Amino acid sequence: MTNTSTQERAAGAIYHQLPAAHYLAARFRNDFESAVLHAINGGGQNQARTILTGALVGAQVGLSGIPQRFLDGLEGLNILKKAWLWISLHRSMVPLIAYQLTVA
């Protein structure tokens, strides 16, 4: 019997939920709320699936596509808004920066 860490179990949960999150992100690509609600109400590993779905659909709709009530009270919202603004202004640089982070 192997002894798996919490981090390994979390990584496994996320890995196995990626196809479902990808499906939901494609199905509700312009509807953040529907995508997240379908992910959370799906049962099973709903937290991992919802995190992934929210990230994928959020990237597609942008900050303005996320309902304000989902953002109200969110810790670090100002940092998120600054990051979103920077990304929207420097869109062509994002793939290069992401690549540099992976090879560093």
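Please read these numbers as outputs of a predicted model, since none were measured by experiment.

### Here's the deal with the overall build of the chain
Across its full length, the chain holds six helices and zero strands. N-terminal to C-terminal, the α/β element order of the chain is α-α-α-α-α-α. In the chain, buried positions account for 24% of the 104 residues. Sequence separation of at least 24 residues holds for 52% of the intrachain contacts in the chain that already meet a minimum separation of 6. Element-wise, carbon and sulfur atoms account for 60% of the exposed surface of the chain, whose accessible area totals about 7800 Å².

### Observations regarding a nonpolar patch on the surface
Together, Trp84, Leu85 and Leu89 make up an exposed nonpolar region whose accessible area comes to about 320 Å². Among the secondary structure elements, Leu85 is positioned in helix H5 (residues 77-89). What makes Leu85 partly exposed here is its relative accessible area of 44%.

### Observations regarding the pattern of salt bridges
Close approach of charged atoms allows side chains of opposite charge to pair. Within the structure shown, the criterion is met by one salt bridge. Between Glu33 and Arg69 there is a salt bridge, with its nearest N and O atoms 2.3 Å apart. You can see Glu33 sitting in helix H2 (residues 32-40) and its partner Arg69 sitting in helix H4 (residues 68-71), a full 36 residues away along the chain. Among the residues examined, Glu33 registers a relative accessible area of 25% and is labelled partly exposed.

### Examining the nonpolar core
Judged by nonpolar contacts, the single largest core of 13 residues is most densely connected at Phe32, Val57, Val61, Ile66 and Leu71. Every element with two or more residues in this core is listed here: helix H1 (6-27), H2 and helix H3 (46-61). The dominant element in this core, judged by the number of residues it contributes, is H2, at four residues.

### Here we look at the side chain of Thr50
Looking at where Thr50 falls in the secondary structure, it is placed in helix H3. Exposure remark for Thr50: the relative accessible area of 14% places this residue in the buried category. Here the side chain of Thr50 touches Ile40 through a polar contact of 3.2 Å, landing on its backbone nitrogen. When sequence neighbours within four positions are dropped, the list of residues in contact with Thr50 reads Val36, Ala39 and Ile40.

### Focus: the packing of aromatic side chains
Geometry of an aromatic ring pair is reported as the spacing of the ring centres plus the angle between the planes. Within the structure shown, the criterion is met by one aromatic pair. Considering the side-chain rings of Phe32 and Phe70, the 5.9 Å spacing of their centres and the 65 degrees angle between planes classify their relative orientation as edge-to-face. Taken together, the residues Phe32 in helix H2 and Phe70 in helix H4 connect sequence positions 38 residues apart. A relative accessible area of 9% places Phe32 in the buried class.

### Considering H3
In this model H3 runs 21 Å from its N-terminal to its C-terminal C-alpha over 16 residues, within 8% of the 22 Å that 1.5 Å per residue would give. Listing the buried residues of H3 in full gives Ala48, Arg49, Thr50, Leu52, Thr53, Gly54, Val57, Gly58 and Val61. Residue Gly62 follows H3 closely and has a positive phi angle near 75 degrees.

The rules behind each value
Residues numbered from 1 in each chain as written. Predicted model: local features only at pLDDT ≥ 70, side-chain atom pairs only at ≥ 80, totals over all residues. Heavy atoms only, no water. Helix = DSSP H or I, 4+ residues; strand = E, 2+ residues; numbered from the N terminus. Buried < 20%, exposed > 50% of the residue type's maximum accessible area, 1.4 Å probe, protein only. Contact = heavy atoms within 4.5 Å. Areas by Shrake-Rupley, 256 points an atom, 1.4 Å probe, with all protein chains shown as cover. Patch = residues over 30% accessible without salt bridge, like charges linked within 9 Å, V, L, I, M, F, W, Y side chains within 5 Å. Salt bridge = Lys/Arg side-chain N within 4 Å of Asp/Glu carboxyl O. Core = buried A, V, L, I, M, F, W, Y, C linked by side-chain atoms within 4.5 Å. Polar contact = N/O pair within 3.5 Å; in protein donor to acceptor, adjacent residues only side chain to side chain. Phe/Tyr/Trp six-rings, centres within 6.5 Å; stacked < 30°, edge-to-face > 60°. Expected span 1.5 Å × (residues − 1).

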